[in-house]
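Listed below, chain by chain, are the residues.
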Amino acid sequence: MNASLLDLRFIGLMALIGLLRFLIPQRFYVLFGVVASGSLLGWAAPSTFFTITAVTLLFIYPIHRLMVLARNRGASARVKSALLALGIVGLVALLVIFKAYRHFTLPWMEGPLISQQLLALVGFSYFIFRAVSFLHIQSILKIDERNPLTLLFYTLFPPTISAGPIQKFQDFRQQVAAPLPISSSLISSAAYRIVRGYFRKLVLAYILNELVQKLLLIEQPLIYTSLLTIVLLYLYFYFDFAGYSDIAIGFGLLLGIKVPENFRKPFLATTVSEFWRNWHITLVDWFRDNVFIPLGGMQSSRLRAAVLACLVMVLCGAWHGLAVGFLAWGAWHGVILAIEALSGSKPIPPALRSGPKYWSHVLWTNARVAFPCLFFLPNSDAMLRVLHGFLRWN
């Protein structure tokens, strides 16, 4: 069994937990959430459960308590910064190791009863991002979380464990204190998002992926074939990821937690900067809050903002994986964002969003975003064939 919202057993257990939640008194909600999340992940992905639990309780929570202690006792800014740096550097180091080796394993757990697939960490990148966000917010808000179970529930929350969306701790904590009550509208909303998500991911994304795979087998594609390949690949990425986000939001509703939206009509953007404010919203917000703003991106010159925007996208590419294709994808978007920042490009105002000028901007924006999707192809030969296709007209 995998900790995936595509595994039928995992889906069934998620639904069961959602139903049991309505039988649990509010005062036991956090405890129920931790036990349910831990049991589900402990069965589905033991390595994920043990590693995230250990890092949360033995590293993140102690650092948090030290930061609270330093704040309450009026410690110097240097001490506070040192504690924050210690926590973030430790978490980033774990992320780099994870990306370099692709997965961790727990050797002492190996044996005939546990397959190697169960030992690979699931959603570790998203866990690290949530953890960094939790520690960084300490320097802005005076959060004093005395119950480690609330933090553990946040890091183990099953709907978002695999691929987000990345929820902020302060929002999660507020909702845990007053989870959404059961109602017919809540159940219908959850059902709608779950059904739409599975349709997007298992039907639309599947069909698009099959078409892309067939097109990639063409040895000498024409320009029209290459264009169609890029368009279908672009749409595949959207329906695959947007579908997963829908599923996570739906199951989150069943558990009484409103998971943040991750997509907001990105295809209608008129600049690449606007596109990234509407595509994978929580990831972009994370980089803005934890990298761009702390480095002075909001209060600096256009040149500095452009350099930081480029850096953020390169880091985003590296977050997807330490491979040349991902770094090239990040650099492509980084250069475009830097150019838009230097030129002062602005999205077309809502009142003017009609007519040839508007749609030409939409087309140009999507073309620049769709093209580098080729960098995500695992086979460089297939990517080169698609590129060569632009040289063949007949």
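Scroll up to find the structure.
The residue count restarts for each chain, going from 1 along the sequence in the order it is written. Local features are withheld for residues below a pLDDT of 70 in this predicted model, meaning they are given only at 70 or higher, and side-chain atom pairs are given and counted only at 80 or more; totals for whole chains, interfaces and linings count all residues. Note that the side-chain values use all heavy atoms of the structure and ignore hydrogens as well as water.

### Focus on the overall build of the protein chain
Scanning the protein chain from N- to C-terminus turns up 15 helices and zero strands. Over its C-alpha trace the protein chain gives a radius of gyration of 22 Å, about what one expects of a compact globule, namely 21 Å for 394 residues. Expressed as lengths along the three principal axes of its C-alpha atoms, the size of the protein chain is roughly 65 × 50 × 50 Å. Buried, partly exposed and exposed residues are distinguished by accessible area as a fraction of the type maximum, computed with a 1.4 Å probe on protein chains only: under 20%, between the cut-offs, and over 50%, respectively. Looking at the protein chain residue by residue over its 394 residues, the buried ones come to 49%. Whether two residues are in contact is decided by their heavy atoms, any of which lying within 4.5 Å being enough. Restricting to contacts in the protein chain with at least 6 residues of sequence separation, those with at least 24 account for 74%. Surface exposure of the protein chain reaches about 19300 Å², of which carbon and sulfur atoms provide 69%. The convention is simple: Lys and Arg are positive, Asp and Glu are negative, and His and the chain ends are not counted. Here the site of a charge means atom NZ of a Lys, CZ of an Arg, CG of an Asp or CD of a Glu. Side chains of the protein chain carry 33 positive and 15 negative charges; the gap between the two charge centres is 9 Å. Here a helix means four or more residues in a row that DSSP labels H or I, a strand means two or more in a row labelled E, and each is numbered from the N terminus. C-alpha atoms define the radius of gyration in this analysis, and the globule rule sets the expected value at 2.2 Å times the number of residues to the power 0.38. What sets the accessible areas is the Shrake-Rupley method with a 1.4 Å probe; for residues, cover comes only from the shown protein chains.

### Let's talk about the side chain of Gln138
One can find Gln138 in the loop between α5 (124-136) and α6 (148-156). What qualifies as a polar contact is a pair of N or O atoms within 3.5 Å, subject to a donor-acceptor requirement within protein and to the restriction that residues adjacent in sequence count only when both atoms come from side chains. A distance of 3.0 Å separates the side chain of Gln138 from the side chain of His64, its partner in a polar contact. The residues touching Gln138, leaving out its near neighbours within four places in the chain, are His64, Met67, Arg71 and Ile143.

### So, the side chain of Arg71
Note that Arg71 resides in helix α3 (residues 46-72). Counted as salt bridges are all cases of a side-chain nitrogen of Lys or Arg within 4 Å of a carboxyl oxygen of Asp or Glu. This buried residue, Arg71, is left without a salt bridge; Asp144 holds the nearest opposite charge, at 5.4 Å. At 3.1 Å, the side chain of Arg71 forms a polar contact with the backbone oxygen of Ile143. In contact with Arg71, other than residues within four places in its own chain, are Lys80, Gln138, Leu141, Lys142, Ile143 and Asp144.

### A short note on the environment of Ala178
Within the fold, Ala178 resides in the loop between α7 (169-177) and α8 (184-216). In this structure Ala178 comes out as exposed when scored by relative accessible area, which is 54%. When the C-alpha positions of Ala178 and Ala54 are compared, they lie 27 Å apart, and in sequence the two are 124 residues distant.

### Structural notes on a nonpolar patch on the surface
Together, Phe199, Leu202, Val203, Tyr206, Ile207 and Leu211 make up a nonpolar patch on the protein surface, roughly 550 Å² of accessible area in all. Since its relative accessible area comes to 43%, Ile207 is described here as partly exposed. Exposure above 30% relative accessible area and the lack of any salt bridge qualify a residue for a patch; like charges then connect within 9 Å, and the nonpolar side chains Val, Leu, Ile, Met, Phe, Trp and Tyr within 5 Å.

### Describing the pattern of salt bridges
If you walk through the whole model with that rule in mind, you get 13 salt bridges. Here Asp289 makes a salt bridge to Arg288, at a shortest N to O gap of 2.9 Å. Look at Arg288 and you get partly exposed, because its relative accessible area is 33%.

### Remarks on the environment of Phe59
Structurally, Phe59 is set in helix α3. As a C-alpha pair, Phe59 and Pro356 span 297 residues in sequence and 55 Å in three-dimensional space. In contact with Phe59, not counting residues within four places along its chain, are Ala54, Leu86, Gly87, Gly90 and Leu91.

### Brief notes about the packing of helix α11 (residues 281-292) against helix α12 (residues 302-320)
Two quantities define a packed helix pair, namely the angle between the helix axes and the distance between the axes. Throughout, an axis means a line fitted to C-alpha atoms (over the contacting stretch in the case of helices), and angles, computed between N-to-C directions, take values from 0 to 180 degrees. Between α11 and α12, the least distance of the axes is 11 Å, while the angle of their chain directions is 125°. One finds that α11 runs oblique with respect to α12. Crossing of α11 over α12 shows right-handed handedness. For the pair α11 and α12, contact is made by Leu283, Phe287, Val291 and Phe292 and by Ala305, Leu308, Ala309, Val312, Leu315, Cys316 and Trp319, respectively. The class makeup of the residues in the contact of α11 with α12 is 11 nonpolar, no polar and no charged. Each angle is binned into one of four classes, with values under 35 degrees roughly parallel, values over 145 roughly antiparallel, values of 65 to 115 roughly perpendicular, and all other values oblique. Here is the rule for handedness: rotate from the far helix to the near one, and if that takes an anticlockwise turn smaller than a right angle the crossing is left-handed, while a clockwise turn gives right-handed. Residues are grouped as follows: nonpolar covers Ala, Val, Leu, Ile, Met, Phe, Trp, Tyr, Cys and Pro; charged covers Asp, Glu, Lys and Arg; every other residue, Gly included, is treated as polar.

### Focus: the packing of aromatic side chains
Stacked, tilted and edge-to-face pairs are distinguished by plane angle, under 30 degrees for stacked and over 60 for edge-to-face with tilted covering the rest, among Phe, Tyr and Trp rings (Trp via its six-membered ring) whose centres lie within 6.5 Å. Tallying each qualifying case throughout the model produces 33 aromatic pairs. A ring pair is formed by Tyr154 and Phe169, whose centres lie 5.2 Å apart and whose planes are at 80°; its orientation type is edge-to-face. Linking Tyr154 in helix α6 with Phe169 in helix α7, this pair joins segments that are 15 residues apart in sequence. Judged by relative accessible area, which is 1%, Tyr154 ranks as buried.

### Focus on α3
The span one expects for a helix is its residue count, reduced by one, times 1.5 Å. Across its 27 residues, α3 extends 37 Å between first and last C-alpha, which sits within 8% of the 39 Å expected from 1.5 Å per residue. Residue Thr56 marks the point of greatest curvature in α3, where the axis turns by about 35°. Gly74 lies just past α3 and shows a positive phi near 70°. Take the seven residues that end at a residue and the seven that start at it, fit an axis to each, and the angle between those axes is the bend at that residue.

### Concerning helix α13 (residues 324-343)
Taking 1.5 Å per residue as the helical rise, α13 with its 20 residues ought to reach 28 Å, and the 28 Å between its terminal C-alpha atoms agrees with that figure. When we look at burial in α13, the residues that qualify are Trp329, Gly330, His333, Gly334, Ile336, Leu337, Ala338 and Glu340. Buried residues along α13 sit in contact with α10 (272-276), α12 and α14 (355-370). Just beyond α13, the residue with positive phi is Gly344, at close to 70°.

### Comments concerning unusual backbone geometry
Within the chain, Lys265 stands out as a residue other than glycine whose phi angle is a positive 45°. Relative to the helices and strands, Lys265 is located in the loop between α9 (223-254) and α10. Notably, His280 is not glycine yet its phi reads approximately 50°, a positive angle. For His280, the position within the fold is in the loop between α10 and α11. Look at His280 and you get buried, because its relative accessible area is 4%.

These results come straight from atomic positions and should not be treated as a statement about function.
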